[in-house]
Structure formats: C-alpha cells, structure tokens
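# Descriptive structure summary
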Amino acid sequence: MAAPPPRTVIENCAIATVDAAGTEHASGHIVIAGSRIESLGPGPAPAQPPGDVRRIDGSGHLATPGLVNTHHHFYQWLTRGLAQDHNLFDWLVALYPVWARIDEPMVHAAARGSLAMMVRGGVTTAMDHHYVFPRGSGDLLGAEIRAARELGVRFHPTRGSMDLGASDGGLPPDFAVESTEAALAATEEAIDTHHDPSPDSMLRIGVAPCSPFSVTTDLMREAAVLARRKGVRLHTHGSETVEEERFCKERFGMGPTDYFESTGWLGDDVWMAHCVHMNDSDIDAFARTGTGVAHCPSSNARLGAGTARVPAMLRAGVPVGLGVDGTASNESGELHTELRNALLIHRLSGGEKALDVRRALRLGTYGGAQVLGRATDIGSLEPGKLADLVLWKLDGLGHSTIADPVAALVLGAPAPVTLSLVGGRPVVEEGRLTGADEEAIAREARTEARRLARIADGG
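What you are looking at is a predicted structure, and each value in this text was computed from that prediction instead of being measured. (Residues numbered from 1 in each chain as written. Predicted model: local features only at pLDDT ≥ 70, side-chain atom pairs only at ≥ 80, totals over all residues. Heavy atoms only, no water.)

Taken as a whole, this structure holds 10 aromatic pairs when the rule is applied. Between Tyr75 and Trp99, the aromatic rings sit 5.2 Å apart at their centres with planes inclined by 85°, giving edge-to-face as the arrangement. Here Tyr75, found in the loop between strand S6 (67-68) and helix H1 (88-99), pairs with Trp99, found in helix H1; they are 24 residues apart in sequence, far enough to count as distant. Among the residues examined, Tyr75 registers a relative accessible area of 1% and is labelled buried. Overall, the relative accessible area of 0% leaves Trp99 in the buried class. (Phe/Tyr/Trp six-rings, centres within 6.5 Å; stacked < 30°, edge-to-face > 60°. Helix = DSSP H or I, 4+ residues; strand = E, 2+ residues; numbered from the N terminus. Buried < 20%, exposed > 50% of the residue type's maximum accessible area, 1.4 Å probe, protein only.)

Right, let's talk about empty space enclosed by the protein for a bit. Tallying each qualifying case throughout the model produces one cavity of 30 Å³ or more. Together, 16 residues line the largest cavity, and Leu88, Trp91, Leu92, His237 and Glu240 are the ones closest to its centre. At four residues, the largest contribution of residues to the lining of the largest cavity is made by H1. Residue composition of the lining of the largest cavity, grouped by class: eight nonpolar, six polar and two charged. (1 Å grid on protein atoms, 1.4 Å probe; cavity = no way out; pocket = protein on both sides within 12 Å on 5 of 7 lines; lining within 4 Å. Points joined across faces, edges and corners; volume = space filled by probe spheres on them. Nonpolar A, V, L, I, M, F, W, Y, C, P; charged D, E, K, R; others polar.)

Before going further, it helps to spend a moment on the side chain of His29. Among the structural elements, His29 can be located in strand S2 (residues 24-33). According to the relative accessible area criterion, His29 is buried, its value standing at 7%. At 3.5 Å, the side chain of His29 and the backbone oxygen of Pro42 are in polar contact. (Polar contact = N/O pair within 3.5 Å; in protein donor to acceptor, adjacent residues only side chain to side chain.)

Where side chains of opposite charge bring their charged atoms close, a pairing between them can arise. Scanning the entire structure with this criterion turns up 26 salt bridges. Residue Lys230 is joined to Asp192 by a salt bridge in which the shortest nitrogen-to-oxygen separation is 2.7 Å. Highlighted residues: Lys230 in helix H5 (residues 217-230) and Asp192 in helix H4 (residues 180-194), separated in sequence by 38 residues. Judged by relative accessible area, Lys230 falls into the partly exposed class, the value being 28%. (Salt bridge = Lys/Arg side-chain N within 4 Å of Asp/Glu carboxyl O.)

On the surface, a cluster of positive charge is made up of Arg443, Arg446, Arg450 and Arg454. Checked against the element boundaries, Arg446 lands in helix H14 (residues 438-456). Under the relative-accessibility criterion, Arg446 is labelled partly exposed at 42%. (Patch = residues over 30% accessible without salt bridge, like charges linked within 9 Å, V, L, I, M, F, W, Y side chains within 5 Å. Areas by Shrake-Rupley, 256 points an atom, 1.4 Å probe, with all protein chains shown as cover. Lys, Arg positive; Asp, Glu negative; His and termini not counted. Charge placed at Lys NZ, Arg CZ, Asp CG, Glu CD.)

Our focus in this paragraph is the environment of Ser349. By the element assignment, Ser349 lies in helix H11 (residues 336-350). The spacing of Ser349 and Ala308 is 41 residues in sequence and 9.8 Å in space, taken between C-alpha atoms. At a separation of 3.4 Å, a polar atom in the side chain of Ser349 contacts the main-chain carbonyl oxygen of His346.

This paragraph deals with the side chain of Thr418. Structurally, the position occupied by Thr418 is in strand S15 (residues 417-422). Taking the relative accessible area as the measure of exposure, Thr418 reaches 17% and is therefore buried. Here His61 takes part through its side chain, which lies 2.7 Å from a polar atom of the side chain of Thr418. Filtering out sequence-adjacent residues up to four positions away, Thr418 remains in contact with His61, Leu391, Lys393, Val428, Glu429, Glu430 and Gly431. (Contact = heavy atoms within 4.5 Å.)

Okay, structure coming up:
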C-alpha cells in the first residue's frame, strides 16, 4: 500500500476562503495533503491518519488564498525611480533607450528582485509581460523562468513583442523592435519549449504583443491566431491613456476596444492591462466576450493615467484582477498594497460604497485566477484546489485594534507574511524567502542596474 501524502495541518487561524459564498471562519483549520487542500472548516482539524504531518499554530493570523499578480514587467526593476513626473508616452520615450540595452544577466537579476518583493508579500502566482528583446541579448524569457523556479512561485510569463518602430509611426525606437516574422516565430518557440497546460502547472506561457502604439495590425491579428492554435492565453495593454485612444482613432479610425475586436483580441482567453479609459460600450463588449482586465491602481496613479471604472466593470460581469505593473511605474513592487490602493482610489471617484474590503481581497485572489484562466485550481481556499495560501500575521501593533481580520489586511498597515505555500510547498517561512537570499538578490540587482546605467550612458 502506498504511503499517504505528507500533510500540513494549520489550526487556530481566521480564514477567508474567498469562495463563491464568501465563507469565513473566525477560528478554523486547513488540512493540506500533498499539493492540494484536503479539508477546511471551523474549529480544530479532525484526527489525521498515520504518516508525515506538519502542524502549524495559526493563532493571531488570517489565512487567505495566495495573491495572484496579473500584470508586470520584471525588467523594470533596474530602472526604478526614473522619469518621476512623466505621463505614459513621455515616460516610455525616456526609458525605451535604456531598456533596449538589457541582457540576460540583467533580466535574471531584475526578475529575482521583482519576484522576491511579491513573494515575500503574499504573491503565489506571478505574471510577467516581457516585450523588449534587443538583438544578441541572450535568453531573456529563460532568465525569468529560471528566477521564478528558484523562488518557487507559480509563473505565467508572456512572450511579448514590438514590431512598430518610430520610423513607421510607433512609439519605441527602431532599434528596440523585432520584425513581425521574428516575433511570431520566437513566440511559438517559447510556447513549444516552456508551456505546461496541466492543472497543477507551475509554468504557462501567453502571447502578448505590447500595445496598439508599438505593434502592427498584422502582428496583432497573427498573434491571436497563433495563441488560439496553440491553446494559450492572450495579453496586451489596452485603453491606458487618452493619448492611446487618440492614437487609435488617428491611425485606425476607431477606439481601442473596437480595434481590438477587429483584430480578434476580445474573448474569454484574453486579458488586458489597465483599461482606464473605457466607456459603457467598451465595458459591455468586455462583459459580452468575457475579456479580462488587469487593474493596476498604483501605476495608473504614478503616471497620472486616470482611474479605471472597475466598479462598473464588476457590475457588468467583467473578470478583473490586480497587477503591480512594472516597478519603474510602481516602485514598491508589491501586490498586497494594491488591495488597499484599489479600495481607496475607487472610493475617491465613486464614493464610500464603490469597493469594500472583501471585494478588494477577491480582486487580488479569485479575480486574478479568473483573469489567468486558473480559477478551477487557485484563487480560493476550497477542498480539491491547489494549496496556494498565505498566513498573514495580524496580532502585532499595526493591526492590534482592528477586530475584522479582512479589514485589518486591506485597510491596515502592510501585514507581515509568516507562511506562504505554493502547492503545499513553503516559499516564505517566518517572513523570509525559502528559495533565495534577499540580501544577495539586492546586491545582484544593484550591480546589474549600475551596469545598465553605464551602458545606456555610453560607458
């Protein structure tokens, strides 16, 4: 007879399951068998069968699903703090010449830094949108994948691309773009080499031309065909700024949403970053087609892009998750702070009932899982789902007088993470990464950031 799988039993913690009913327990238990949740509920755990059992006292903690980041640009870790007072287009023009000098060691260091900040703050599934591939720069996507494997995080990288340089009316400089054919070939190779469609997959690849102002219509159309032929998801930036809307109307004779629909880029296998400037018709089109949104409140505020109409999207049934976005436009690089920022930003524009603490938590967990096409396996704490979960410490000074644990997590100071599990495996224990040394990551990133700055300056 085969030995039972190793078990982890967590007891005495508050639990916010984020299931369809919003089930919560003031003090409960979670039993993990192997990589999946076996049972959970109020009170102590039932007696366990003989075998390898790890018991964890969760007193003073809140257990939630692991956070799911739905939009990022890891390489930007090396250019934080630059172009501090620019709008999106000016910010891109200022930074593209620097980004076009990145190479494989730089991207590996940047990915480790970006992932470390997210993982130590409760992220168990991370996404990245990498679209800058300078000639001769090495295996940049592979560098990110190695970093994610080292830290133990579930990873959804997308192979991005740009083929519309400045001489053809696009925004990026010509030396920062690929040909349409090369971009499509490299994207297909990335899928064939790395994509794992299994239910417990740690690595899924997406197809992600950068944006309407850096990509030709041919690439948009052919990328959608490629993704659907390969059975993978599609991602891009959409409706981020008024300048983008103006660009689309001048170049294509229609707004961004109509342009996306004309190129095959609406559907339940698509999600888009930002979606700030969307009217009722745009939101209806996303709801009708099941197109998802990665909401990045801090980045949108940093660049002065505006406030996405997330409450209206949710009422219409649009899938919405949260995103850090690149750390050159959200220097903190953390997703758990986006729970609070999303709530506050939407109350500023929509009043005190625009978003509540439980809806904010859902955006960062189940909503993100929906957007990435993983809601059957992650995003909520339920028997049979993958054991991606976080224990947040809420009995310290910062949360000591907030009786509601979900309110403490969302409205209070950033809560320390005592334990974070991905598929039952610890990636954070006692607030420290298990798969990497934070100080070493910081040193490596500083070294590579300085090297990039020297190269960009011609040194």
